[in-house]
Amino acid sequence: MVGKTISVVGLGKLGASMAAAMADRGFDVIGVDVSRAAVENLNAGKAPVQETTLQEYIDRNRQRLSATLEHRDAVMKSDITFVIVPTPSDKNGAFSIKYAATAFRAIGKALKEKKGYHTVVLTSTVLPGATRYGLLPLLEQESGKKCGKDFGLCYSPEFIALGSVIRDFLNPDFLLVGEFDRKSGETLESYYEKIMENHPPCKRMSIENAELAKVSLNSYVTMKITFANILTELCEKIPGGDVDAVSDAIGLDRRIGRKYLTGGLGFGGPCFPRDNVAVSFLARELGVRNEIAEATDRFNRTIPARFVEKISRHIPSGSTVAVLGLSYKPYSCVVEESQGILLAQALSKQNYTVTGYDPLANDNARHMLGDDIQIKESVQDCIAGADAVLITTPDPAFTALKLGDFRKGKEDMLVVDFWRVLAGELSGKPGIRYVPVGQGSRIRDAENVLEMMWRDA
Ligand SMILES: NC(=O)C1=CN([C@@H]2O[C@H](COP(=O)(O)OP(=O)(O)OC[C@H]3O[C@@H](n4cnc5c(N)ncnc54)[C@H](O)[C@@H]3O)[C@@H](O)[C@H]2O)C=CC1
Ligand SMILES: O=C(O)[C@H]1O[C@H](OP(=O)(O)OP(=O)(O)OC[C@H]2O[C@@H](n3ccc(=O)[nH]c3=O)[C@H](O)[C@@H]2O)[C@H](O)[C@@H](O)[C@@H]1O
């Protein structure tokens, strides 16, 4: 049932890494992209995108990896095709399937000519119904063939975080397979048995259940992060409050777990923020109330403004603020929905002079921010002359900073540490006003509020 050759349509952040990882597991992999640069790069042995270990995987699998602009070539020469093209949010917050539709039409045309059974797998994130009612008809129209008889179809998303795409892909907690019919699911599962390194459990179900499971998982995880961010605010108002102490404790309960329970600056990036919006859209369309997804999204989007207000209580507008961390998380060049970028923009609007630095995301940040923020080439350049420093990601370039890296001028320098990574180094040190987010500050005020609450008991 398992053939030797796999094709991957879409050689972006997810697809390029999946193609290289599957080649490493012994398959011949043909990548397809509409971008000539992506195809030429892969054929020249260069990673089309930046991702941890991707270049190494390409280097050691050159013989088994190739790329083409022609969907037809790839489908004819392979037994199974994974489709991993963008599904951007549309104006209603739903995921658009316009790129997937173009890819499915091209695959359908190729299937018309192809002799023998072929399996098509959609990996891109879509909402329930999109695969069966939006994309499957295109395959059947273009090929003149029947799904379930002439070809198979699955929806099988990945649960992969940028920066660890290859490791996560090869070692998932579980596999999710939405199958058109039993044969489609069995075929895909047998490929996964050969591809994955850790023999994960495979959950097979209807296509629609798998579509719902993918977005539900992300929505649930962001709800958990948001809960931690609410705890963060509460701890700041409680004398001696410490969000990590609380998260570490409740995270030990196996019903909760400690992962994705760290309060800080909120979630960002190209995946999480759009998923609650899409889930809310789905719920509205189906007449279901989903106030959790809506509240999670609302709360997360107000976090930068809350901190601008907080910072303005410490330093007047006109001061210089250094933002360390412009990507949405460490080890990433991605700036989409980055909380660091949103914070920099909000501060600039309030007439602060803003400088920024990120080890990987400087170019993308420059592109997004234009002239409003001065992007610097090193942490030291970014901090020099600043009245306040904001540490927005727990990147090793920032967690390794020492007291001596911060200015020792006449005025104390404000350091807002969203992930509390420099507490040992900076807390209580002369010349620094260290503000660890999620810890009880302005203790006297906090005590007053608690005293008032309980005075008449
Ligand atoms: N990046 C991630 O970590 C994850 C992404 N996803 C989902 O995977 C999908 C793809 O995401 P990324 O890889 O990040 O996108 P991306 O934008 O980095 O890459 C998509 C690639 O598809 C190509 N493409 C567009 N239309 C095409 C067509 N008709 N034929 C062939 N190639 C075509 C583009 O040129 C681009 O190279 C999205 O639905 C996303 O939500 C899901 C889980 C994780
Ligand atoms: O559907 C997707 O496309 C992917 O979205 C996320 O992956 P990703 O956005 O790359 O990154 P994560 O490492 O999960 O982090 C996302 C954000 O959450 C924030 N976060 C994470 C953990 C935490 O405890 N607190 C917190 O605020 C991070 O700072 C970051 O901004 C999911 O983790 C993947 O499982 C999923 O496949």
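Note that the structure is a prediction, hence the values are computed from the model and not measured. (Residues numbered from 1 in each chain as written. Chains lettered and ligands numbered in written order. Predicted model: local features only at pLDDT ≥ 70, side-chain atom pairs only at ≥ 80, totals over all residues. Heavy atoms only, no water.)

Chemist: Looking at this model, I keep getting lost on the site of ligand 2. Mind explaining?
Modeler: Close to ligand 2 lie 19 residues; Ile-160, Asn-218, Tyr-260, Cys-271 and Tyr-328 are nearest. Between ligand 2 and Lys-214 there is a distance of 2.8 Å, counted from an oxygen atom to a side-chain nitrogen or oxygen. Tyr-328 is positioned such that a nitrogen or oxygen atom in its side chain is 2.8 Å from an oxygen atom of ligand 2. Element by element, the count of residues in the shell around ligand 2 is highest for helix α9 (residues 207-236), at 3 residues. Taken together, the residues that form the shell around ligand 2 break down as 12 nonpolar, 4 polar and 3 charged. Looking at which domains feed residues into the shell around ligand 2, each of domain 1 (5-200) and domain 2 (233-440) supplies at least three. (Near = heavy atom within 4 Å. Polar contact = N/O pair within 3.5 Å; in protein donor to acceptor, adjacent residues only side chain to side chain. Helix = DSSP H or I, 4+ residues; strand = E, 2+ residues; numbered from the N terminus. Nonpolar A, V, L, I, M, F, W, Y, C, P; charged D, E, K, R; others polar. Domains from an automatic or database assignment.)

Chemist: Just checking my understanding: could you explain helix α11 (residues 272-286) for this structure?
Modeler: Helical periodicity: at 3.6 residues per turn, an α-helix aligns residues three or four positions apart in one direction. Over its 15 residues, α11 runs 22 Å from end to end, which matches the ideal 21 Å to within 8%, given 1.5 Å per residue. Most of α11 is tucked away, with 11 of its 15 residues classed as buried. Taken together, the buried positions of α11 are occupied by Phe-272, Pro-273, Arg-274, Asp-275, Asn-276, Ala-278, Val-279, Ser-280, Phe-281, Leu-282 and Ala-283. Among the residues trailing α11, Gly-287 stands out with phi positive, at a value near 70°. (Expected span 1.5 Å × (residues − 1). Buried < 20%, exposed > 50% of the residue type's maximum accessible area, 1.4 Å probe, protein only.)

Chemist: How do you make sense of the UniProt feature "active site" (unreviewed entry) in the protein when you look at a structure like this?
Modeler: With numbering matched to this structure, UniProt assigns "active site" (unreviewed entry) to Cys-271. Looking at where Cys-271 falls in the secondary structure, it is placed in the loop between α10 (243-250) and α11. Look at Cys-271 and you get partly exposed, because its relative accessible area is 39%. (UniProt positions renumbered as here; feature names shortened; annotations may be inferred.)

Chemist: Teacher, can you tell me more about the environment of Asp-387 here?
Modeler: Relative to the helices and strands, Asp-387 is located in the loop between α15 (379-383) and β12 (388-391). Exposure remark for Asp-387: the relative accessible area of 26% places this residue in the partly exposed category. The sequence separation of Asp-387 and Glu-40 amounts to 347 residues, and the corresponding C-alpha distance is 47 Å. Side-chain polar atoms of Asp-387 contact the backbone nitrogen of Thr-320, separated by 2.7 Å.

Chemist: Hey, could you run me through the site of ligand 1 in this one?
Modeler: In the region of ligand 1, 25 residues are neighbours, and Leu-14, Asp-33, His-71, Thr-87 and Arg-274 sit closest. In this structure, Lys-13 approaches ligand 1 through a main-chain N or O atom, which is 2.9 Å from an oxygen atom. In this structure, Thr-87 approaches ligand 1 through a side-chain N or O atom, which is 2.6 Å from an oxygen atom. Protein contacts shield 87% of the accessible area of ligand 1, which totals 840 Å² for the unbound molecule. Element by element, the count of residues in the shell around ligand 1 is highest for helix α5 (residues 98-113), at 3 residues. The residue inventory of the shell around ligand 1, partitioned by class, reads 12 nonpolar, 8 polar and 5 charged. (Areas by Shrake-Rupley, 256 points an atom, 1.4 Å probe, with all protein chains shown as cover.)

Chemist: Help me understand the sheet that holds strand β11 (residues 374-375), please; the structure alone is not making it clear to me.
Modeler: Pairing between the strands of a sheet is mediated by backbone hydrogen bonds and can be parallel or antiparallel. What the 6 strands build is an open sheet, ordered β11-β10-β9-β12-β13-β14; its pairing is parallel. Strand pairing shows two members of the sheet lacking a second neighbour, β11 and β14 (432-436), which therefore form its edges. One ladder, built from 5 bridges, connects strand β13 (residues 413-417) with β14; its direction is parallel. Bridge pairing in β14 links Asp-417 to Pro-436. (Pairing = 2+ DSSP bridges.)

Chemist: Could you clarify how one ought to interpret the sheet that holds strand β4 (residues 80-83) in this entry?
Modeler: Across the sheet, which stays open at both edges, the 8 strands sit in the order β3-β2-β1-β4-β5-β6-β7-β8 with mixed pairing between neighbours. With one partner strand each, in any of the chains shown, β3 (65-68) and β8 (202-206) form the two edges of the open sheet. Direction aside, neighbouring strands of the sheet carry axes that sit 25° apart on average. Taken together, the 4 bridges between β4 and strand β5 (residues 118-122) define a ladder with parallel strand orientation. Across the sheet, Val-83 pairs through a bridge with Leu-122, a residue of β5. In this fold helix α6 (residues 130-143) packs onto β5 and β6 (151-155), with an angle of close to 160° to the strand it touches most, β6. (Axes fitted to C-alpha atoms, helices over the stretch in contact; angles between N-to-C directions. Contact = heavy atoms within 4.5 Å.)

Chemist: Help me out: how do you make sense of the nonpolar core in this one?
Modeler: Proteins that are soluble and globular tend to have nonpolar side chains buried together. In this structure, Ile-6, Met-22, Phe-82 and Ile-195 are the most contacted members of the largest nonpolar core, which totals 35 residues. Not counting chain neighbours up to four residues away, the residues in contact with Ile-195 comprise Ile-6, Met-22, Arg-25, Phe-27, Phe-169 and Leu-170. Counting residues in each nonpolar core, the second largest holds 29 residues, with Leu-111, Leu-122, Phe-151 and Tyr-155 among its members. (Core = buried A, V, L, I, M, F, W, Y, C linked by side-chain atoms within 4.5 Å.)

Chemist: It is not clear to me how the pairing of β13 should be interpreted in this structure. Could you clarify?
Modeler: Along any regular strand, the residues point their side chains to alternate faces of the sheet. Among the 5 residues in β13, 5 count as buried, and that is most of the element. Along β13, one buried face is formed by Met-413, Val-415 and Asp-417 and the opposite face, lined by Leu-414 and Val-416, is buried too. Two elements, β12 and β13, share 4 bridges in a ladder whose sense is parallel. Across the sheet, the residue bridging to Leu-390 is Val-416, located in β13.

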